[in-house]
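As a plain string of letters, each chain reads:
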Amino acid sequence: MANPEAGMRNLLLLATPYSLLPLLLLLPAFAAEKATPDFAGYWGRNSTDFEPPLSGPGPVTNKGRSFYARFGDDTNPILKPEAAARIREASKATVEGVNFPTPSNQCTPWSPPYMWRALMVQVLQQKDHVTITTVGDQQVRRVRLNAAHPKNMTPTWSGDSVGHYEGDTLVIDTVGVKYGSNSMIDNYGTPYSEGLHVVERIRLVDAETAKKAAERMEALNGRVEVIAGGASIDPEARKGLRIEFTVEDPKYFTTPWSAAVTFRPALGVVEERVCAENMHDYNSGTDVPVPRADKPDF
Amino acid sequence: MRRNALLLVTLVMAASGSLGQAAPSASVPNFSGLWAHPWLPGYEPLASGPTSLKNLSRRNGVSNPVQLVGDYNNPILKPATVEIVRKFGEMSKSYYGFPNPRNQCWPNGLPFVLSSNGLEIFQKPNEITMIYQTDHQVRRVRMNSTHPANVTPTYFGDSIGHYEGDALVIDTVGIKPGPFAMIDWFGTPQTPALHVVERYRLLDYADAKDGLDRAAKENALPQPATVDLSYRGKHLQLTFTVEDESVFTTRWSATVTYGKPMDIWRENVCAENPNKYGTERDAQVPTAAKPDF
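Bear in mind that the values here come from a model prediction, so they are computed numbers and not experimental data.

Definitions and cut-offs
- Residues numbered from 1 in each chain as written.
- Chains lettered and ligands numbered in written order.
- Predicted model: local features only at pLDDT ≥ 70, side-chain atom pairs only at ≥ 80, totals over all residues.
- Heavy atoms only, no water.
- Helix = DSSP H or I, 4+ residues; strand = E, 2+ residues; numbered from the N terminus.
- Buried < 20%, exposed > 50% of the residue type's maximum accessible area, 1.4 Å probe, protein only.
- Contact = heavy atoms within 4.5 Å.
- Areas by Shrake-Rupley, 256 points an atom, 1.4 Å probe, with all protein chains shown as cover.
- Pairing = 2+ DSSP bridges.
- Axes fitted to C-alpha atoms, helices over the stretch in contact; angles between N-to-C directions.
- Polar contact = N/O pair within 3.5 Å; in protein donor to acceptor, adjacent residues only side chain to side chain.
- Core = buried A, V, L, I, M, F, W, Y, C linked by side-chain atoms within 4.5 Å.
- Salt bridge = Lys/Arg side-chain N within 4 Å of Asp/Glu carboxyl O.
- pLDDT = per-residue confidence, 0-100.
- Expected span 1.5 Å × (residues − 1).

A few words on the overall build of chain A. A tally of helices and strands in chain A yields 6 helices and 9 strands. Taken across its 298 residues, chain A has 51% of its residues classed as buried. Contacts in chain A between residues far apart in sequence, at least 24 positions, make up 64% of those at least 6 positions apart. Of the roughly 13900 Å² of accessible surface on chain A, a fraction of 57% belongs to carbon and sulfur atoms.

The next thing to look at is the sheet that holds strand β9 (residues 167-173) of chain B. Residue and element names in this part refer to chain B. With mixed pairing, the 10 strands of this open sheet are ordered in space as β1-β5-β6-β7-β8-β9-β10-β11-β12-β2. What marks the edges here is a single partner per strand, and that holds for β1 (33-36) and β2 (44-45). Where β1 lies against strand β5 (residues 118-123), 4 bridges are found, and the strand directions are antiparallel. Looking at the pairing, Ala-36 lines up with Gly-118 of β5. Where helix α3 (residues 205-218) meets the sheet, it contacts β2, β10 (195-203), β11 (235-243) and β12 (252-258), and its direction lies at approximately 60° from that of β11.

So, on to the sheet that holds strand β2 (residues 120-125) of chain A. Residue and element names in this part refer to chain A. Overall, mixed pairing links the 9 strands, which are arranged β1-β2-β3-β4-β5-β6-β7-β8-β9 in a closed barrel. Each neighbouring strand pair of the sheet contributes to a mean axis angle of 30°, computed without reference to strand direction. Both strand β8 (residues 239-248) and strand β9 (residues 257-265) contribute to a ladder of 7 bridges, which runs antiparallel. Looking at β9, one finds that Leu-241 is bridged to Phe-263. Where helix α6 (residues 207-221) meets the sheet, it contacts β7 (197-206), β8 and β9, and its direction lies at approximately 125° from that of β7.

A regular strand places its side chains on the two faces of the sheet in alternate fashion. All names here are of chain B. Summarising burial for β12: 7 of the 7 residues are buried, a large majority. Pairing geometry for β2 and β12, over 2 bridges, is antiparallel. Bridged to Pro-45 within β12 is Ala-254. Bridge count between β11 and β12: 7 bridges; the pairing is antiparallel. In the strand pairing of β12, Thr-241 is matched with Ser-253.

Right, let's get into the side chain of Asp-158 of chain B. Residue and element names in this part refer to chain B. Checked against the element boundaries, Asp-158 lands in strand β8 (residues 158-164). Classification of Asp-158 by relative accessible area gives buried; the value is 11%. Separated by 2.6 Å, the side chains of Asp-158 and His-147 make a polar contact. Residues within four places of Asp-158 in sequence aside, it is in contact with Arg-142, Thr-146, His-147, Pro-148, Val-151, Asp-171, Thr-172, Val-173 and Gly-174.

Let's shift gears to the nonpolar core. Membership of the largest hydrophobic core comes to 48 residues, with the highest contact counts inside it found for Leu-114, Met-130, Tyr-200 and Phe-240 of chain B. When residues of this core are traced back to their parent elements, those giving at least two are α2 (79-94), β5, β6 (127-132), β7 (137-143), β9, β10, β11 and β12 of chain B. Counting 43 residues, the second-largest nonpolar core is a separate cluster that includes Leu-170, Tyr-192, Phe-253 and Ala-259 of chain A.

On to the pattern of salt bridges, then. If charged atoms from side chains of opposite charge come close, those side chains can pair. By the definition in use, this model includes 24 salt bridges over all chains. Put simply, Arg-142 of chain B and Asp-158 of chain B hold a salt bridge, and the shortest N to O gap is 2.7 Å. With a gap of 16 residues between them, Arg-142 of chain B in strand β7 and Asp-158 of chain B in strand β8 connect regions that are remote in the sequence. Arg-201 of chain B is the partner of Asp-166 of chain B in a salt bridge, and the nearest nitrogen-oxygen pair spans 3.5 Å. Taken together, the residues Asp-166 of chain B in the loop between β8 and β9 and Arg-201 of chain B in strand β10 connect sequence positions 35 residues apart. Salt bridges sharing partners connect three or more residues here, namely Glu-51, Arg-203, Arg-242 and Glu-244 of chain A.

Residue and element names in this part refer to chain B. The predicted model of chain B averages 86 in pLDDT, with 83% of residues at 70 or higher. Across residues 1-22, confidence stays below pLDDT 50; counting only partners more than four residues off in sequence or on other chains, it has 25 contacts. Within the model, pLDDT remains below 50 along residues 274-289, and this stretch shows 49 contacts once partners closer than five positions in the same chain are excluded. Scored as a complex, the prediction yields pTM 0.82 and ipTM 0.79.

Before going further, it helps to spend a moment on the side chain of Thr-174 of chain A. All names here are of chain A. Mapped onto the fold, Thr-174 is located in strand β6 (residues 169-175). Of the residues examined, Thr-174 reaches a relative accessible area of 0% and is grouped as buried. For Thr-174, the side chain forms a polar contact with the side chain of Ser-161, separated by 2.7 Å. If sequence neighbours within four positions are ignored, Thr-174 has contacts with Pro-112, Arg-141, His-149, Ser-158, Gly-159, Asp-160, Ser-161, Leu-196, His-197, Val-198 and Glu-200.

Residues and elements named next belong to chain A. With 15 residues, helix α4 (residues 81-95) should reach 21 Å at 1.5 Å per residue; the first-to-last C-alpha distance of 21 Å fits that figure. By the burial criterion, the buried members of α4 are Ala-83, Ala-84, Ile-87, Ala-90, Ser-91, Ala-93 and Thr-94. Positive phi shows up at Gly-97, right after α4, with a value of about 80°.

Let us now look at the environment of Tyr-42 of chain A. For Tyr-42 of chain A, the location among the structural elements is in strand β1 (residues 41-44). Residue classification places Tyr-42 of chain A among the buried residues on the basis of a relative accessible area of 17%. Ignoring sequence-local partners within four residues, the contact set of Tyr-42 of chain A consists of Met-120, Val-121, Gln-122, Arg-264, Pro-265, Ala-266 and Val-270 of chain A together with Glu-127, Thr-129 and Arg-140 of chain B. Within the structure, Tyr-42 of chain A has its side chain in polar contact with the side chain of Gln-122 of chain A (distance 3.1 Å). At 2.6 Å, the side chain of Tyr-42 of chain A forms a polar contact with the side chain of Arg-140 of chain B.

It is worth spelling out the pairing of strand β3 (residues 129-134) of chain A at this point. All names here are of chain A. Extensive coverage of β3 is indicated by the burial of 6 of its 6 residues. Burial along β3 is two-sided: the face carrying His-129, Thr-131 and Thr-133 and the face carrying Val-130, Ile-132 and Thr-134 are both buried. Strand direction decides the pairing type here: β2 and β3, joined by 5 bridges, are antiparallel. Bridge pairing in β3 links Val-121 to Thr-134. Where β2 hands over to β3, the hairpin turn is made up of 3 residues, counted between the paired strands. Of the strand pairs in this sheet, β3 and strand β4 (residues 139-145) are connected by 6 bridges, and their pairing is antiparallel. Note on β4: the bridge partner recorded for Thr-131 is Arg-142.

Following this line, the structure appears as structure tokens:
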């Protein structure tokens, strides 16, 4: 039969400083884990453009001021002549009514920072990595936490992304981003090279900040309605997810520049969106030239 | 003093319990993480009972992955299905390939995607996200939910899940048959009535060995192996059951047994490799007349 006094004695023994020490050692780890901000979930928005900073070098913006008329501002001082020329070339295609090929309309991978044009993303946080899926064509990007870039890396479409938490912010450093014929930084054909370096800082913001950012972008570039693929935003949302990023690529840019995107919690069922079902080249009358390889994938 | 001691103990217990906050609760089996198997095509036919097709074309005693001749004598197949599988087998024998959702870069759909060599599982109380290595396809499972009365068909269908003891059970309907849709690598067709039930369980190596042996008996093992075959830790075993009355004489089951990958996942982009594989034509890419934005 259990002895209540012995039970209490054992409990008190357990509660002595020495016996508690190993357990108490867990508390800092617990506190650290609790401090990790929770970005998990589905986040949406109704714009596919980047937010310019309030001052300083910023992204190429749309002279067309419409989601459906894309004329990148080739006078942006961040651009080296070759980059400006590429933007003019893309704008010319828009003027002629033939949209230019982008990762989005050619069903090719969305590299960072282009991936932040997504109207909806899912963030999955785990101890050693963070996974970000873009709901459009369900692309997947992985970020290794508390790791270093390898010395010799093979460029990939998502690049080599390593991350760590700085207080309430997830900082992601990406290099080794592969460049292909459709690759671009933004919706305007701004090019990059394999010297691209992107640093993203992801944090939660309050609902009002997120709402103002969304309204600003919709005023600048028009709103992508839900029926056109825009996100259905939770009106009760108390937070937003802000991604501020810095881009460096000496081949195409005169200076490092910064931009941001702000998401809000998305409502509704995540629908399956399959780019392969919709890869017409939009007005030229032919199908897109899909890449080819000579060997099986197995 | 006693109150303080109890408080401390309570605090410590609470802290310990919360350390694994990303993991499912103690009563829910933890399937999270990367899982992999090295086999091609990947399904593990059962030793007895209605089960998946084997490859009649053998190389070194196992399935020849570059000549896919499904066993059209398998009694699960209805006569019309027999003819379709036989036709695909003839195509494969006459050259070396025919279009399937994997080599044409289409969503693999269910159950075809279950043959993928890698699976990453993210468990949340209300939703499970599954990412397959092949083209990094993403699939979502709503937990403790019901199918809507009217399901809009999608490639991965409407998947709902729940836990039964140590098993995760996923029920999927509303699977859209795309232009290259097939049940397996042998061209076995599917209809919109397809119904797939998956049961996932964690097994000790000794219990997983039967599945691993069946995998090795039927499937090819590409070299170098991407999975540590000496791994003796917990394995993840999927048992899936397929029903489609227009195609099959009976419901049938097979397994896929996963171990651990030897390395991190490499980026896998089908769009970089949609070659024809002997079909004499390039990938049959669909078209649409409207932008996706």
